[in-house]
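Coordinate inspection notes
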Amino acid sequence: MDIKEIQSLIKFVAKSGASEVKLETDEIKITIKTGSADSGGETTYIQQLPPAMAQAPAPAAAAAPAPAAETPAAKNEEDSKYVTIKSPIIGTFYRKPSPDKPSFVEVGDSIAVGDVLCVIEAMKLFNDIESEVSGKIVKVLVDDSSPVEFDQPLFLVDPS
């Protein structure tokens, strides 16, 4: 888990109104406490396991974010005229309402405010993600049935 993922998690917890969240994986343990009276802010405890226990997954995790960090910078220059629709929640991204039905939107489709673009499953609940802009879908940035994070770009829309 890199620093950006941790920061996103802290922001998500702060917005959710939860007073304490604990996250534990094979590699890391995180406890986030918000709104405590003595500190007046957020407290984050991060405890990583010894390097010997996390040896195998650590190099793969460290290598993956580096290319991803370079790619958006190049894309931002090309895509600055487009509106980015981002994920409002953490969950699993689905382009279709069910496996046997067509996708909500395809590249080239015109959309209006309020149109359902996709579904994100979070904690066994399926949340319709609606468009906040009108325009034309230029690019779908996430693969179907893949996990998405809070504020992760999902679609590029040409508002003109």
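Before any of the text, the structure's been laid out above.
We now turn to the structure provided with this report.

Conventions we followed
Residues numbered from 1 in each chain as written. Predicted model: local features only at pLDDT ≥ 70, side-chain atom pairs only at ≥ 80, totals over all residues. Heavy atoms only, no water. Core = buried A, V, L, I, M, F, W, Y, C linked by side-chain atoms within 4.5 Å. Buried < 20%, exposed > 50% of the residue type's maximum accessible area, 1.4 Å probe, protein only. Helix = DSSP H or I, 4+ residues; strand = E, 2+ residues; numbered from the N terminus. Contact = heavy atoms within 4.5 Å. Salt bridge = Lys/Arg side-chain N within 4 Å of Asp/Glu carboxyl O. Pairing = 2+ DSSP bridges.

Okay, the nonpolar core next. In terms of nonpolar packing, the biggest core is built from 15 residues, with Phe93, Ile111, Leu117, Cys118, Ile137, Leu154 and Phe155 touching the most fellow members. Put simply, the parts of the chain that give this core at least two residues each are strand 7 (116-122), strand 9 (135-140) and strand 11 (153-158). In contact with Leu117, not counting residues within four places along its chain, are Ile85, Phe104, Val105, Ile111, Ile129, Glu130, Ser131, Ile137 and Phe155. Of all hydrophobic cores here, the second largest spans seven residues; its members include Ile10, Val13, Ile30 and Ile32.

Our focus in this paragraph is the pattern of salt bridges. The final tally for this structure, using the stated rule, is one salt bridge. One salt bridge in this structure joins Glu106 and Arg95, with 3.1 Å as the shortest N-O distance. A residue pair is termed long-range when its members are at least 10 positions apart, and Glu106 in the loop between strand 5 (91-94) and strand 6 (110-111) and Arg95 in the loop between strand 5 and strand 6 qualify at eleven residues. When its relative accessible area of 37% is taken as the criterion, Glu106 is described as partly exposed.

A word on unusual backbone geometry. The phi dihedral of Met123 is positive, around 55°, even though this residue is not glycine. Tracing the backbone shows Met123 in the loop between strand 7 and strand 8 (125-130). Positioned with a positive phi, Asp151 is a non-glycine residue whose angle comes to about 70°. Along the chain, Asp151 falls in the loop between strand 10 (146-148) and strand 11. With relative accessibility at 41%, the residue Asp151 sits in the partly exposed group.

A separate point is the pairing of strand 9. Across two bridges, the pairing between strand 6 and strand 9 is antiparallel. Pairing of Ile111 across the sheet is with Gly135, part of strand 9. Note that strand 9 and strand 11 share four bridges and pair antiparallel. Directly across from Ile137, in strand 11, lies its bridge partner Val157.

A separate point is the sheet that holds strand 11. Strand order in the open sheet made by the four strands is 4-11-9-6, with antiparallel pairing throughout. Edge strands, defined here as strands with exactly one partner in the open sheet, are strand 4 (83-86) and strand 6.

On to the side chain of Ser146. Along the chain, Ser146 falls in strand 10. Those residues in contact with Ser146 that sit more than four places away from it in its chain are Gly91, Thr92 and Phe93.

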